[in-house]
Amino acid sequence: MTNRLKYAQWAAMRLLLGSVGRLSEGVRIGYRHGFDSGQMLDYVYVDKAHGALGVGRIIDRVYLNAVGWRAIRARRELLKDVLRKEIAERGGDVFVLDVASGPGRCLQDLVEEHGDGPDGSLRVECRDLDRAGLAQGEERARERGLKGISYVHGNALDPLPCDPAPDVIVVSGLYELLLDDAVIAASVQRLRGLLAPGGVLVYTTQTRHPQLELIANVLPNRDGTLWVMKCRPVELAEEWAAAAGCTGIASRREAVGLFTVTTARR
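A brief structural summary. (Residues numbered from 1 in each chain as written. Predicted model: local features only at pLDDT ≥ 70, side-chain atom pairs only at ≥ 80, totals over all residues. Heavy atoms only, no water.)

Section: the overall build of the protein
Just so we agree on the cut-off: Helix numbers and strand numbers start at the N terminus; a helix is a DSSP run of H or I with at least 4 residues, a strand a run of E with at least 2. Only C-alpha atoms enter the radius of gyration; for comparison, a globular chain is expected to reach 2.2 Å times N to the power 0.38, where N is the number of residues. When accessible area is computed with a 1.4 Å probe and restricted to protein chains, residues below 20% of their type maximum are described as buried, those above 50% as exposed, and intermediate ones as partly exposed. In short, Shrake-Rupley with a 1.4 Å probe defines the accessible areas, and a residue's cover is counted only from the protein chains shown.
Along the protein, the regular secondary structure elements total ten helices and eight strands. For the protein, the C-alpha radius of gyration of 19 Å lies close to 18 Å, the compact-globule estimate for 266 residues. In the protein, which comprises 266 residues, the share counted as buried stands at 48%. Accessible surface computed for the protein: about 12,400 Å², of which carbon and sulfur atoms make up 55%.

So, in structure tokens, the structure goes:
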């Protein structure tokens, strides 16, 4: 296909999505907050179609069934499984820091599951630059009656230390949005330094995506520009951890096959 035909194709898809597509609640959220936003991911996690005029719900179901969103949901389930095991192995009190949490639905689920039992308590701090996403998470935590989770405005790439140091640091869905490998490598180095002795860094990587070109030409991100992503081999993700001085580095792939979750220990 020539460049001119491709440009016309993408322009037509942007027009269609920005008009008829807005009957879908998910598409409306994407245009309001960015298709890469925490609010968008939170909606995708729920996986319940909503829309206007009846047809909007049908469009929304097609949208939510896109391979990327199915992989995102599978990534979340894998991430929760990894975190459950890390928390259980530690026993006692465990402090988890998510440096780019959005509303933090996944971590709220873990806090609710864990409770304040005899084996100790789970405390979670969610950080993000998006104040709207943090406010959404705080509201939902109040509705669920969760006491062990807090929300703090913060920059994942320039993180402030915690007192006490976290046992687990989570970076989910952030590195997939960054195009500069050196920025990610520096982030892994900084986050390792924030961990408590024996702590673990848990982060996700996108290794492939069959719709990268479509997304990069049609969907706006949270900054209002087109959403460009970069896929990387899991071997590179593990190299960042090794270069930062981590040990016990291991990765697992979610069921759809687009993302991996890597654990790296201090």
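Observations regarding the packing of aromatic side chains
In this description, a pair of aromatic rings is defined by centroid distance and the angle of the planes. Note the threshold: Stacked, tilted and edge-to-face pairs are distinguished by plane angle, under 30 degrees for stacked and over 60 for edge-to-face with tilted covering the rest, among Phe, Tyr and Trp rings (Trp via its six-membered ring) whose centres lie within 6.5 Å. Cation placement over rings: the criterion is NZ of Lys or CZ of Arg within 6 Å of the ring centroid and within 35° of the ring normal.
Under the criterion given, the structure shown has six aromatic pairs. Judged by centre distance (5.4 Å) and plane angle (80°), the ring pair of Y31 and F35 falls under edge-to-face. Measuring from centroid to centroid gives 5.8 Å for Y175 and Y203, while their planes differ by 65°, and the two rings are edge-to-face. Of this pair, Y175 sits in the loop between strand 5 (168-171) and helix 8 (181-194) while Y203 is found in strand 6 (residues 200-206), placing the two residues 28 residues apart along the sequence. The class of Y203 is buried, set by a relative accessible area of 0%. Through a chain of ring-to-ring contacts, the aromatic side chains of Y31, F35, Y63, W69 and W227 assemble into a single cluster. Taking NZ or CZ as reference, R22 lies 4.0 Å from the ring centre of Y31, over its face.

Quick look at a nonpolar patch on the surface
Let me state the cut-off plainly: Any residue with relative accessible area above 30% and no salt bridge may belong to a patch, with like charges joined within 9 Å and the nonpolar Val, Leu, Ile, Met, Phe, Trp and Tyr side chains within 5 Å. Here, a salt bridge means any Lys or Arg side-chain nitrogen found within 4 Å of an Asp or Glu carboxyl oxygen.
Taken together, L53, V55, I58 and V62 make up a surface patch of nonpolar side chains, about 430 Å² in accessible area. Counting through the fold element by element, L53 comes out in the loop between helix 3 (38-46) and helix 4 (55-64). You can call L53 exposed: its relative accessible area is 75%.

Remarks on helix 10 (residues 234-243)
Each full turn of the α-helix corresponds to 3.6 residues, which orients residues three or four apart in the same direction. Put simply, the rule reads: Here the arc refers to the directions that run from the helix axis out to each C-beta atom. Contact definition: two residues touch when any of their heavy atoms are within 4.5 Å.
Where helix 10 is concerned, the buried positions are V234, L236, A237, W240 and A241. Viewed along the axis of helix 10, the buried residues span an arc of 165°, placing them on a single side of the element. Of the exposed residues in helix 10, the ones pointing more than 90 degrees away from its buried face are E239 and A243. Where helix 10 is buried, its residues contact helix 8, strand 6, strand 7 (247-253) and strand 8 (259-265).

Observations concerning the pairing of strand 1 (residues 94-98)
The condition that has to hold: The pairing criterion is simple: DSSP has to find at least two bridges between the two strands.
Buried residues dominate strand 1, accounting for five of its five residues. A two-sided burial pattern is seen for strand 1, the buried positions comprising V94, V96 and D98 on one face and F95 and L97 on the other. Sheet topology note: the strand 1/strand 5 ladder contains three bridges and is parallel. Its bridge partner being in strand 5, L97 is matched across the sheet by I169.

Structural notes on the nonpolar core
We count it as follows: Within this scheme, the nonpolar core is defined by two criteria: the residues are buried Ala, Val, Leu, Ile, Met, Phe, Trp, Tyr or Cys, and they are joined through side-chain atoms within 4.5 Å.
Membership of the largest hydrophobic core comes to 25 residues, with the highest contact counts inside it found for I169, V171, Y175, L191, L201 and Y203. When contributions to this core are tallied by element, the ones reaching two or more residues are strand 1, strand 5, helix 8, strand 6 and helix 10. Setting aside residues up to four positions removed in sequence, I169 forms contacts with L97, V99, L191, L194, L195, V200, L201 and V202. Judged by nonpolar contacts, the second largest core, of 24 residues, contains V94, V111, V168 and V202.

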